[in-house]
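# Coordinate analysis (summary)
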Amino acid sequence: QLSGFIDEEVSPLSWLNDNVFGLLPVSMMASPEGLAPCLWRRDVTAADALANLTAGPSCQRSDAVVYEFQELENEVRFDFALSAGSGDFQRTMTAVGIGRAESLTELSTEYTRASHNIWGKHAVSISSDIVYEDATAAEILLWRTRAKALPYRVINYFISREHAFLKAGDVITITDTELHLTDQVALVRSVIWQENQPLLQIVLVEDPPRDKRKQG
């Protein structure tokens, strides 16, 4: 839930870019109809997959696995509830990576703790003029730390034309015995044509807490 007002002329897309998109797991992508929002879901499971791919003649890995170390975040301070009178933020909520949450203004998840244990502390501060609800602030922190707590594993595959319908944001599973992947959930980052064949780039949806429970 977002609240606020616009008191000067601005294009809708500019306002969304400056105020909204940074709070949500979305990015703007080119589509046949023009720019369209692409939702990047991190809570997906194999049941959400639109295709189940297996490395082989019709799904050939084109190069090595790449680890992308985006700006990791496992401690995020979020200032919100702006006072129009004072110009100060009235509320703060923080996602932490050490220990358990000790108050209603703190969140601690398996992902922030796993990230802190592996990579150490990575703290950032964010704010918003249009968030006033604690529940909304918590949702923003939960998706943000889920998406940014760990590095990405990115893989490219040449796939058969029957799977060329896939697009950015779609969910698939990939099985690749050479990489010890079995029905691994992944998000499609892009599909481009190269050498008259679709080249699929995927991002694995890592879930160390889930994998640890499976091993247990």
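Now for a description of the structure that goes with this document.

About the thresholds
- Residues numbered from 1 in each chain as written.
- Predicted model: local features only at pLDDT ≥ 70, side-chain atom pairs only at ≥ 80, totals over all residues.
- Heavy atoms only, no water.
- Patch = residues over 30% accessible without salt bridge, like charges linked within 9 Å, V, L, I, M, F, W, Y side chains within 5 Å.
- Areas by Shrake-Rupley, 256 points an atom, 1.4 Å probe, with all protein chains shown as cover.
- Salt bridge = Lys/Arg side-chain N within 4 Å of Asp/Glu carboxyl O.
- Helix = DSSP H or I, 4+ residues; strand = E, 2+ residues; numbered from the N terminus.
- Buried < 20%, exposed > 50% of the residue type's maximum accessible area, 1.4 Å probe, protein only.
- Phe/Tyr/Trp six-rings, centres within 6.5 Å; stacked < 30°, edge-to-face > 60°.
- Lys NZ or Arg CZ within 6 Å of the ring centre and 35° of its normal.
- Contact = heavy atoms within 4.5 Å.
- Pairing = 2+ DSSP bridges.
- Axes fitted to C-alpha atoms, helices over the stretch in contact; angles between N-to-C directions.
- Polar contact = N/O pair within 3.5 Å; in protein donor to acceptor, adjacent residues only side chain to side chain.
- Core = buried A, V, L, I, M, F, W, Y, C linked by side-chain atoms within 4.5 Å.

### Some thoughts on a nonpolar patch on the surface
Residues Tyr67, Phe69, Ile118 and Trp119 make up a contiguous nonpolar surface patch of roughly 450 Å² in combined accessible area. Note on placement: Trp119 falls in helix H2 (residues 110-119). Using a relative accessible area of 35% as the deciding quantity, one classes Trp119 as partly exposed.

### Some details on the packing of aromatic side chains
Under the definition given, this model contains one aromatic pair. Seen in terms of ring centroids, Phe78 and Phe80 are 5.5 Å apart; in terms of plane orientation they differ by 35°. Their pairing is tilted. Exposure class is identical for Phe78 and Phe80. Each is buried. Lying across the ring of Tyr111, Arg146 places its NZ or CZ 4.3 Å from the centre.

### Here we look at the side chain of Arg146
Among the structural elements, Arg146 can be located in helix H3 (residues 134-148). By relative accessible area, which is 11% here, Arg146 ends up buried.

### Section: the environment of Val65
Inspection of the secondary structure assignment puts Val65 in the loop between strand E4 (59-61) and strand E5 (66-68). For the pair Val65 and Ser83, spaced 18 residues apart in sequence, the C-alpha separation works out to 47 Å. Apart from the residues within four sequence positions on either side, Val65 is in contact with Arg153, Val154, Ile155 and Leu179.

### Points about the sheet that holds strand E7 (residues 89-96)
Read across the open sheet, the four strands follow the order E8-E7-E6-E9; overall the sheet is mixed. Whereas interior strands pair on both sides, the edge strands pair on one side only; in this sheet they are strand E8 (106-108) and strand E9 (123-127). Taken pair by pair, the neighbouring strands of this sheet meet at an average axis angle of 15°, ignoring direction. Taken together, the six bridges between strand E6 (residues 75-82) and E7 define a ladder with antiparallel strand orientation. Paired with Phe78 across the strands is Met93, a residue of E7.

### Comments concerning the pairing of strand E2 (residues 34-39)
In terms of strand pairing, strand E1 (residues 26-31) meets E2 through six bridges, oriented antiparallel. Considered in E2, the bridge of Met29 is made with Ala36.

### Things to note about the side chain of Asp170
Checked against the element boundaries, Asp170 lands in the loop between strand E10 (152-159) and strand E11 (171-176). The exposure class assigned to Asp170 is buried, which follows from its relative accessible area of 9%. In terms of polar contacts, Asp170 uses its side chain to reach the backbone amide nitrogen of Lys167, at 3.0 Å. Excluding its chain neighbours within four sequence positions, the residues that come into contact with Asp170 are Leu50, Phe165, Ala186, Leu187 and Val188.

### Topic: the nonpolar core
Ranked by internal contacts, the top residues of the largest apolar core, which has 16 residues, are Phe78, Phe80, Met93, Val131 and Leu141. Of all the secondary-structure elements, those providing two or more residues to this core are E6, E7 and H3. Every residue in contact with Leu141, bar those within four places of it in the chain, is listed here: Val76, Phe78, Met93, Thr94, Ala95 and Leu107. Counting 15 residues, the second largest nonpolar core, distinct from the first, contains Ile172, Ala186, Val188 and Ile202.

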